[in-house]
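The lines below spell out each chain.
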Amino acid sequence: MDDFYSREDDSSKKHEIILKMDLPADAFAKSYEQLLQTKSKDLNLKGFRKGKTPKEMIEPKMRDLVLAETFERIAPYYVNAAIIKEKLQPVAPPEYLDLGELKVGEGIKFTVKVTVMPDFDLADTKKIKVEQQKPDVKETEIDQTLETMFKNNATTHDPKKEEKPDDEWALRIAKLYQFDDVRSLADLRAKIKELIMQQKRSILDQNAASDAMREAVKVSKIEIPQAAIVFEAQQREEAFQRDLDAAKMSMRDFLKERDLRHEELKEMWLKDAKEALENDVVLRIYADKKDIVIEADELRSEIEAMKKAAEAQYRHDHEGHDHPMEFDESAYDDPQWQEQIKTYMRKQKAYRQFLQEVFGEDFFGNDEKNDQESKKATTKGSKVETTKSKEKKPETSDKAKKDVTKKKAK
């Protein structure tokens, strides 16, 4: 397979590699004959037994079809071999160009454009300055939240009996929501203020993090090739369609229910794909620059946690079913999958370190506390009904919104 291609680089388009392909005539002819023979076995012509029709009668009827299918089968093999030999890492499917007439007995010449991610230099992240806004809670917001909680958790609906929030009602609510240290209505108001503050802080922190990532992309002059963005958006659309199929819902019904146009959804996928790819590049370069690594024990611990959570979910989903529990652990031992998890963990570690470098070591200081309070605030069939925050919502990012109603982890 030597000398079946040549490489051409364009200094003005560092993200595009041109491969001039020349498929060997003998390899193409051999593949063509094999495919023609296979297809002739299923062909029925009057006067001949199935599979016994002479080649000279079959070939004129099937030549164009078999030629095209032969190329579709053999070309990717040679293209991939060239890509591997050149140690390229495509970020979009190769684009086939300049394909002439296909003929048996002649070399097949065509051009392939391979899109790769250009090399970028990360700017000095210490120079990135982003304003981190502080949350503020108004008394009216507490009043509205308290009123909503009261309406949803009143102990009587007797119109003759007037009921109002008081210390006794606050104690019942504290027990329902598992609030600690709430002994009076005043304590409950303080707890509500704290939870609204946490929610707002979370939104503002997400906004600040997004702003910092965008600033890193800007100052580092990172420009993602359009082909990569389009391909990533297509992947999201396909995944979204699979989700709809699993939910037995048509795209038309989904769009109608949410008063959306398909073009709007496509624009969302394109925007989200661009941002996700930009962030991925920033974090990959940052991780390399800062020598961020995932140790073996870290990876092992993460995989064990994932396995434990998946097994618990499996047992919950199959509880009471008339079949033995057979949770499959083999997938967690797959080296390729483990490498993907390791890459993801490295990116997450880089993300946290980057934000702490921009905003300070305590940027994630309230995460654990917020998670604990969130769990306490949620019970069966009830949750804290806070008023809608007026801060802007965090924009879509990372493996984002394959479904605008459901967010899964990229």
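Before reading on, note that the structure itself is shown above.
Remember, it's a predicted structure, so these values are computed and weren't measured experimentally.

The rules behind the values
- Residues numbered from 1 in each chain as written.
- Predicted model: local features only at pLDDT ≥ 70, side-chain atom pairs only at ≥ 80, totals over all residues.
- Heavy atoms only, no water.
- Helix = DSSP H or I, 4+ residues; strand = E, 2+ residues; numbered from the N terminus.
- Buried < 20%, exposed > 50% of the residue type's maximum accessible area, 1.4 Å probe, protein only.
- Areas by Shrake-Rupley, 256 points an atom, 1.4 Å probe, with all protein chains shown as cover.
- Axes fitted to C-alpha atoms, helices over the stretch in contact; angles between N-to-C directions.
- Parallel < 35°, antiparallel > 145°, perpendicular 65-115°, else oblique.
- Contact = heavy atoms within 4.5 Å.
- Nonpolar A, V, L, I, M, F, W, Y, C, P; charged D, E, K, R; others polar.
- Pairing = 2+ DSSP bridges.
- Salt bridge = Lys/Arg side-chain N within 4 Å of Asp/Glu carboxyl O.
- Arc of directions from axis to C-beta.
- Polar contact = N/O pair within 3.5 Å; in protein donor to acceptor, adjacent residues only side chain to side chain.
- Core = buried A, V, L, I, M, F, W, Y, C linked by side-chain atoms within 4.5 Å.
- Phe/Tyr/Trp six-rings, centres within 6.5 Å; stacked < 30°, edge-to-face > 60°.
- Lys NZ or Arg CZ within 6 Å of the ring centre and 35° of its normal.

Asks: Go over the overall build of the protein, please, and point to the residues and values.
Replies: In terms of helices and strands, the protein carries 11 helices and 6 strands. Looking at the 410 residues of the protein, the share that counts as buried comes to 35%. In the form shown here, the protein has an accessible surface area of approximately 26,600 Å², with 47% of it arising from carbon and sulfur atoms.

Asks: A description of the packing of helix α5 (residues 185-219) against helix α10 (residues 335-359) should follow, citing residues and the corresponding values.
Replies: Packing of α5 against α10 leaves a shortest axis separation of 11 Å and a crossing angle of 95°. It follows from the interaxial angle that α5 and α10 lie roughly perpendicular. Residues A208, A209, A212, M213 and A216 of α5 touch α10, and the partners they reach there are Y351, F354, L355, V358 and F359. Classifying every residue of the contact of α5 with α10 gives 10 nonpolar, no polar and no charged.

Asks: Outline the pairing of strand β4 (residues 108-115), supporting the account with residue identities and numerical values.
Replies: Within β4, 7 of the 8 residues are buried, which leaves it mostly tucked inside the rest of the structure. In this structure, strand β2 (residues 16-23) lies alongside β4, joined through 8 bridges in antiparallel fashion. When the bridges of β4 are listed, I18 appears paired with K113. Where strand β3 (residues 95-97) and β4 come together, 3 bridges link them in antiparallel fashion. Across the sheet, E95 pairs through a bridge with K113, a residue of β4.

Asks: How would you sum up unusual backbone geometry? Please name residues and give values.
Replies: Leaving glycine out, the prevailing phi sign among residues is negative, and the prevailing peptide bond configuration is trans. A positive phi is found at K248, a non-glycine position, where the angle reads about 55°. Considering the arrangement of structural elements, one finds K248 in the loop between α6 (226-246) and α7 (251-257). We classify K248 as exposed; its relative accessible area is 80%. The backbone of D291 sits at a positive phi, close to 55°, despite the residue not being glycine. Here D291 is to be found in the loop between α8 (262-289) and α9 (296-318).

Asks: Give me the pattern of salt bridges: which residues, what numbers.
Replies: Under the definition given, this model contains 27 salt bridges. Among the salt bridges present, the one from E139 reaches R189, with a minimum N-O distance of 2.8 Å. Pair noted here: E139 is in helix α3 (residues 139-152) and R189 is in helix α5, with a separation of 50 residues, a long-range link. Here K349 and E298 are joined by a salt bridge, their closest N and O atoms 3.0 Å apart. Of this pair, K349 sits in helix α10 while E298 is found in helix α9, placing the two residues 51 residues apart along the sequence. Under the relative-accessibility criterion, E298 is labelled partly exposed at 29%. Connected via shared salt-bridge partners are R7, D9 and E86.

Asks: An account of helix α4 (residues 167-177) is requested, with residue identities and associated values reported.
Replies: Buried residues of α4: W169, A170, I173, A174 and Y177, and no others. Projected down its long axis, α4 shows its buried positions confined to an angular sector of 140°, all on one face. Turned more than 90 degrees away from the buried face of α4 sit E168 and K175, all of them exposed. Where α4 starts, the residue carrying a side-chain oxygen 3.2 Å from the main-chain nitrogen of E168 turns out to be D166. Positive backbone phi, at 60°, marks Q178, one or two positions downstream of α4.

Asks: Outline the nonpolar core, supporting the account with residue identities and numerical values.
Replies: With 38 residues, the main nonpolar core has I224, F354 and L355 as its most contacted residues. Those elements that provide at least two residues to this core are α5, α6, α7, α8 and α10. Take this core: its biggest share by element is 10 residues, from α8. Grouped together as the second largest cluster of nonpolar side chains are 28 residues, Y32, L35, F110 and V112 included.

Asks: Account for the packing of aromatic side chains, with residues named and values stated.
Replies: Within the structure shown, the criterion is met by 16 aromatic pairs. With centroids separated by 6.1 Å and ring planes inclined at 75°, the aromatic side chains of F71 and Y96 adopt a geometry described as edge-to-face. Taken as a pair, F71 in helix α2 (residues 55-85) and Y96 in strand β3 lie far apart in primary sequence, 25 residues in all. Taking relative accessible area as the criterion, F71 reaches 9% and is therefore assigned buried. Here the aromatic rings of Y177 and F179 are separated by 5.5 Å at their centres, their planes lie at 15°, and the arrangement is stacked. The residues Y177 and F179 share a single accessibility class, namely buried. Put simply, the rings of F4, Y5, Y77 and Y78 pair up and form one aromatic cluster. The ring of F364 has R352 lying over it, and the distance from NZ or CZ to the ring centre is 4.1 Å.

Asks: How would you sum up the side chain of R236? Please name residues and give values.
Replies: Counting through the fold element by element, R236 comes out in helix α6. Residue classification places R236 among the buried residues on the basis of a relative accessible area of 1%. Polar contacts involving the side chain of R236 include one to the side chain of D272, which spans 2.5 Å.

Nothing here speaks to function; it is geometry throughout.
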